[in-house]
Amino acid sequence: MKINEVEKQTGISSTNIRYYEQKELLVPQRSGENNYRVYSTDDVKRLKQIKILRMIGISLSEIREILDENDMKDCKICVSNSLDE
């Protein structure tokens, strides 16, 4: 799907989506013929996770660690720490 569709599904602006790509939190596929970004359902899911974590104050570096390790235990600890602050 294209970035405008992802924007509608996630509520995240295209500017922020590109920023998350720049920070390597998201790496969408590229179309072979025109090199446009092509987002998968997994990309949308990842963006929704990023959005939730950002809403509760988790830093991008912590989000990267959580998503790279795909460790929900770390996620729960970060969420708990953020809520305690």
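Further up the page is the structure itself.
Residues numbered from 1 in each chain as written. Predicted model: local features only at pLDDT ≥ 70, side-chain atom pairs only at ≥ 80, totals over all residues. Heavy atoms only, no water.

Enquirer: If you had to explain the packing of helix α3 (residues 41-55) against helix α4 (residues 60-69) to someone new, which residues and values would you point to?
Expert: Two elements in contact, α3 and α4, have axes separated by 10 Å at closest approach and are oriented at 140°. As summarised for this structure, α3 and α4 are arranged oblique, according to the angle between their axes. The interaxial crossing formed by α3 with α4 has right-handed handedness. Counting all contacts with α3, which are made through R46, Q49, I50, L53 and R54, the residues of α4 involved are L60, I63, I66, L67 and D68. (Axes fitted to C-alpha atoms, helices over the stretch in contact; angles between N-to-C directions. Helix = DSSP H or I, 4+ residues; strand = E, 2+ residues; numbered from the N terminus. Parallel < 35°, antiparallel > 145°, perpendicular 65-115°, else oblique. Left-handed = near helix turned anticlockwise from the far one by under 90°. Contact = heavy atoms within 4.5 Å.)

Enquirer: Any details on α3? Residues and values, ideally.
Expert: Here α3 spans 21 Å end to end across 15 residues, near enough to the 21 Å set by a 1.5 Å rise per residue. Residues of α3 that are buried include every one of D43, V44, L47, I50 and L53, and no others. Of the residues that open α3, the one with a side-chain oxygen 3.3 Å from the backbone nitrogen of D42 is S40. Phi for G57, located one or two positions after α3, is positive at around 90°. (Expected span 1.5 Å × (residues − 1). Buried < 20%, exposed > 50% of the residue type's maximum accessible area, 1.4 Å probe, protein only. Polar contact = N/O pair within 3.5 Å; in protein donor to acceptor, adjacent residues only side chain to side chain.)

Enquirer: I'd love a proper account of unusual backbone geometry, names of residues and values included.
Expert: The phi angle at E24 is positive, at roughly 60°, despite the residue not being glycine. Positionally, E24 belongs in the loop between α2 (14-22) and β1 (29-30). Note on E24: relative accessible area 61%, which makes it exposed. Even without a glycine there, the phi angle at N35 is positive, about 65°. Locating N35 in the fold gives a position in the loop between β1 and β2 (37-38). Classification of N35 as partly exposed rests on a relative accessible area of 46%.

Enquirer: Let's hear about the nonpolar core: which residues, and what values?
Expert: Core analysis: the biggest nonpolar cluster contains 17 residues, and I17, Y20, L47, I50 and I63 have the highest contact counts within it. Going through the elements one at a time, α1 (3-10), α2, α3 and α4 are the ones with two or more residues in this core. Leave out the neighbours within four places in its chain, and I17 touches I3, V6, E7, I12, L26, Y39 and L47. (Core = buried A, V, L, I, M, F, W, Y, C linked by side-chain atoms within 4.5 Å.)

Enquirer: Lay out α1 in plain terms, naming residues and giving numbers.
Expert: Since the α-helix advances by 3.6 residues per turn, residues separated by three or four positions end up pointing in the same direction. For α1, the complete set of buried residues consists of I3, V6 and T10. Burial along α1 is one-sided: seen end-on, the buried residues are contained in an arc of 55°. The first or second residue beyond α1 is G11, which carries a positive phi of 75°. (Arc of directions from axis to C-beta.)

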